[in-house]
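# Coordinate analysis (summary)
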Amino acid sequence: MTTTVLADTDTLIGGIVAALRTVHDPEIPVNIYDLGLIYRIEPKDGGLIEIDMTLTAPGCPVAGEMLSWVEKAVSEVHGVEKVTVQLVFDPPWESSRMTDDVKLELGLL
């Protein structure tokens, strides 16, 4: 893999992360990326992006809507042609997955 391809992938991932930070968990006023709900972002050939994400609780009433929010936000990133979002619950989400900034904001540090 050449340095250019790595740089392009890093730029793409950076754009995806920025897009994910525009999606907020409705129960916790924090974006889903810094909350630790995104488990995997994998660019594939042809502009396909695969994302594995979880929820803070399996019974989240907006689970289906949140998947749509993620798909819409990421699909607007330059270089993304198609987004597939898979909801996973293994490993279960826990507060240790949050960034320190979020923990501080929520009074957990």
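The present account deals with the structure reproduced in this document. All residue numbers refer to positions counted from 1 along the written sequence of the respective chain. Per-residue local features of the predicted model are confined to residues with pLDDT of at least 70, and side-chain atom pairs are confined, for both listing and counting, to 80 or more; whole-chain, interface and lining totals are unaffected and use all residues. Calculated side-chain values reflect all of the structure's heavy atoms, with hydrogen atoms and water omitted.

The next thing to look at is the pattern of salt bridges. A pair can form between side chains of opposite charge whenever their charged atoms are brought close. Salt bridges, as used here, are contacts in which a Lys or Arg side-chain nitrogen is within 4 Å of a carboxyl oxygen on Asp or Glu. Considering all chains together, one arrives at six salt bridges under this definition. For arginine 21, the salt bridge is made with aspartate 34, and the minimal N-O distance between the two is 2.9 Å. Of this pair, arginine 21 sits in the loop between α1 (3-20) and β1 (38-43) while aspartate 34 sits in the loop between α1 and β1, and the two are 13 residues apart along the sequence. When accessible area is computed with a 1.4 Å probe and restricted to protein chains, residues below 20% of their type maximum are described as buried, those above 50% as exposed, and intermediate ones as partly exposed. For arginine 21, a relative accessible area of 38% gives the class partly exposed. Here aspartate 34 falls in the buried class, since its relative accessible area comes to 13%. Among the salt bridges present, the one from glutamate 50 reaches arginine 40, with a minimum N-O distance of 3.2 Å. Runs of E in the DSSP output that reach at least two residues are strands. Runs of H or I that reach at least four are helices, and both are numbered from the N terminus.

Moving on, we come to the environment of serine 68. As for its position among the elements, serine 68 is in helix α2 (residues 63-75). For serine 68, a relative accessible area of 44% translates into the label partly exposed. Here the alpha-carbon distance between serine 68 and threonine 84, two residues 16 residues apart in the chain, equals 9.9 Å.

On to α2, then. Taking 1.5 Å per residue, 13 residues should reach 18 Å; α2 reaches 18 Å between its end C-alpha atoms and fits that length. By the burial criterion, the buried members of α2 are Ala63, Met66, Leu67, Val70, Ala73 and Val74. Buried residues along α2 cover an arc of 135 degrees about the axis, so they all sit on one side. A helix is expected to span 1.5 Å for every residue after the first. Throughout, the arc means that of the directions going from the helix axis to the C-beta atoms.

This next bit is on the nonpolar core. When a protein is soluble and globular, its nonpolar side chains tend to lie buried together. Among buried residues, those of type Ala, Val, Leu, Ile, Met, Phe, Trp, Tyr and Cys that are joined through side-chain atoms within 4.5 Å constitute a nonpolar core. Ile16, Ile32, Met53, Val70 and Val74 are the most contacted members of the largest nonpolar core, which totals 32 residues. Every element with two or more residues in this core is listed here: α1, β1, β2 (48-53), α2 and β3 (82-87). Per-element accounting of this core gives the leading share, six residues, to α2. In what follows, residue pairs with any heavy atoms lying within 4.5 Å of each other are defined as contacts. Residues within four places of valine 74 in sequence aside, it is in contact with Ile16, Ala19, Leu20, Ile49, Ile51, Val80 and Val83.

The side chains of a regular strand alternate, residue by residue, between the two faces of the sheet. Here a strand pair is declared whenever DSSP counts at least two bridges between the two strands. Where β1 lies against β2, five bridges are found, and the strand directions are antiparallel. In the sheet register, proline 43 faces β2, and the bridge partner there is isoleucine 49.

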